[in-house]
Amino acid sequence: MPPPPPHDRLPLMKVLHTADWQLGKPYGRFTPELRAALTEARFDVIDTLGKAATEHSARHILVAGDIFDTEGPEDRTIVQAVSRMERHPCHWWLLPGNHDFARNGGLWDRVRAKAGDRITILTTPEPRELEDGAWLLPAPLTHRHNLDDPTEAFDTTQTPGARLRIGLAHGSIRDFGSRGETNNQIPPDRARRASLDYLALGDWHGVLKIDARTWYAGTPETDRFQNNNSGHALLVELSPGADPVVTPLRTGRFHWLIRERTVSSAADFDADCAALLSETDAPNTLLQLTLAGITDLTDRVAILAKIENDLAHRLRFLDLRDENLVGRPTENDLAALDVEGTLGIAAQKLNALSQSAGPEARIARRALERLLVEYNREDQA
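Attention in this report is confined to the structure presented alongside it. On a predicted model such as this, the values are computed, not experimentally measured, just so you know. (Residues numbered from 1 in each chain as written. Predicted model: local features only at pLDDT ≥ 70, side-chain atom pairs only at ≥ 80, totals over all residues. Heavy atoms only, no water.)

**Some points on the sheet that holds strand β16 (residues 285-296)**
Now for step 1: Judged by pairing direction, the sheet is parallel, and its three strands sit side by side in the order β15-β16-β17 without closing on themselves. The open sheet has two edge strands, β15 (255-262) and β17 (317-328), and neither has a second partner. Within this sheet the neighbouring strands show an average axis-to-axis angle of 5°, counted without direction.
Now for step 2: Most of the contacts of helix α6 (residues 266-279) go to β15, to which it runs at about 160°, and overall it touches β15 and β16. (Pairing = 2+ DSSP bridges. Helix = DSSP H or I, 4+ residues; strand = E, 2+ residues; numbered from the N terminus. Axes fitted to C-alpha atoms, helices over the stretch in contact; angles between N-to-C directions. Contact = heavy atoms within 4.5 Å.)

**Some remarks on empty space enclosed by the protein**
Now for step 1: Inspection of every chain in the model, using the stated rule, returns two cavities of 30 Å³ or more.
Now for step 2: Empty space within the largest cavity amounts to approximately 70 Å³.
Now for step 3: Elements supplying a minimum of two residues to the lining of the largest cavity: β15 and α6.
Now for step 4: A total of four residues in the lining of the largest cavity trace back to one element, the largest contributor, which is α6.
Now for step 5: Partitioning the lining of the largest cavity into residue classes produces five nonpolar, no polar and three charged. (1 Å grid on protein atoms, 1.4 Å probe; cavity = no way out; pocket = protein on both sides within 12 Å on 5 of 7 lines; lining within 4 Å. Points joined across faces, edges and corners; volume = space filled by probe spheres on them. Nonpolar A, V, L, I, M, F, W, Y, C, P; charged D, E, K, R; others polar.)

**Topic: helix α7 (residues 297-314)**
Now for step 1: Taking 1.5 Å per residue, 18 residues should reach 26 Å; α7 reaches 25 Å between its end C-alpha atoms and fits that length.
Now for step 2: Residue I307 marks the point of greatest curvature in α7, where the axis turns by about 40°.
Now for step 3: Along α7, the residues that are buried comprise L297, D299, R300, V301, I303, L304, I307 and L311.
Now for step 4: The backbone nitrogen of T298 lies 3.2 Å from a side-chain oxygen of the residue at the head of α7, namely D296. (Expected span 1.5 Å × (residues − 1). Bend = angle between axes of the 7 residues up to and from the residue. Buried < 20%, exposed > 50% of the residue type's maximum accessible area, 1.4 Å probe, protein only. Polar contact = N/O pair within 3.5 Å; in protein donor to acceptor, adjacent residues only side chain to side chain.)

**Quick look at the sheet that holds strand β1 (residues 13-18)**
Now for step 1: Strand order in this open sheet of six strands is β4-β3-β2-β1-β13-β14, and the pairing throughout is mixed. Each edge of the sheet is formed by a strand with only one pairing partner; in this case those strands are β4 (119-121) and β14 (245-250). Strand-to-strand twist in this sheet, taken as the mean axis angle between neighbours without regard to direction, amounts to 25°.
Now for step 2: Examined bridge by bridge, β1 and strand β13 (residues 232-238) share five bridges and lie antiparallel to one another. By the bridge assignment for β13, K14 is matched with E237.

**Some words on the pattern of salt bridges**
A side chain of one charge can pair with a side chain of the opposite charge when the charged atoms of the two come close.
Now for step 1: What the rule picks out here adds up to 23 salt bridges.
Now for step 2: One salt bridge connects D223 with R224, and the closest N-O pair in it is separated by 3.3 Å.
Now for step 3: Judged by its relative accessible area of 5%, D223 falls in the buried class.
Now for step 4: For R224, a relative accessible area of 30% translates into the label partly exposed.
Now for step 5: Several salt bridges share partner residues, and in doing so they unite E40, D44, D47, R84 and R87 into one network. (Salt bridge = Lys/Arg side-chain N within 4 Å of Asp/Glu carboxyl O.)

So far we have only geometry, and geometry alone does not tell us how the molecule works.
Okay, here's the thing in structure tokens:
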């Protein structure tokens, strides 16, 4: 049997790649209770990362920018971050991003004053030797918006005796994404150009593979409604001369789900709810739910009652969008409102208006629905 290739005889190195913690994020749209829970989860995920690194024998955690949400976080935010990291035996390498860029006398001097030997803050672009022959090439940002490519210097950076070259940067892959970013742009082939064994990126908040040696880790704790595979960190196994083995590890506590449903009846919606609850951890789920379709008016009322009185209480948060769920009154619905007096007259006028083509039709449908709800409530009382 022929001998194995040289890189197979060299020690395997493992690192954990993460980014975009954005500690101190305000979550202003939520209630104080939920804001507190989401904030605490972002601190807790630091412990999750430390435990994952220990479990998988990764001695280094590379944080590719935006550790903090702003360049001026509260002291408590800094102390919590540092103390959580120092609980774990791994080494943390922190790169300033566009939210927490490096400047003299700024945030990172405050962090450095509180950090111990297990934390290295990469405020300058000088390469660092993680271990014998394993070099880290950092590209810290010094402004929120940089027109230049922060990784351009990687191509000519010298790393004497390197067996591994690992890039660490924060920015947008050129021509990538729907946001039209024009700042901090990185060419998609930077790893090849700079002879990198791995390029660890931050800025995109979900796990994304650009090529075999270039990955976004995303945020380890999801922070928005976006289908982008967030809530992970990447375990990266490196061998000289070989493509890295990259394994996403689930780290997030909260799940932010986006669901769109076309509904035809209350029974169908009940079945959808049962399926949703069976496949999710409801107390830790934030749901953006968009409903569309046409039902009879009684069913639409029942669907909204199900949401208000049951589903919304099971979930941690519910963002309901029901503008395109139309309730059309049936003969039975109208018969229930076919009473003498002002109520009956109002129901007839609203029904006629709801079927018109004018802008008042939507308002009339909602008013007719409210009328049915209130009438049934009064009838039951």
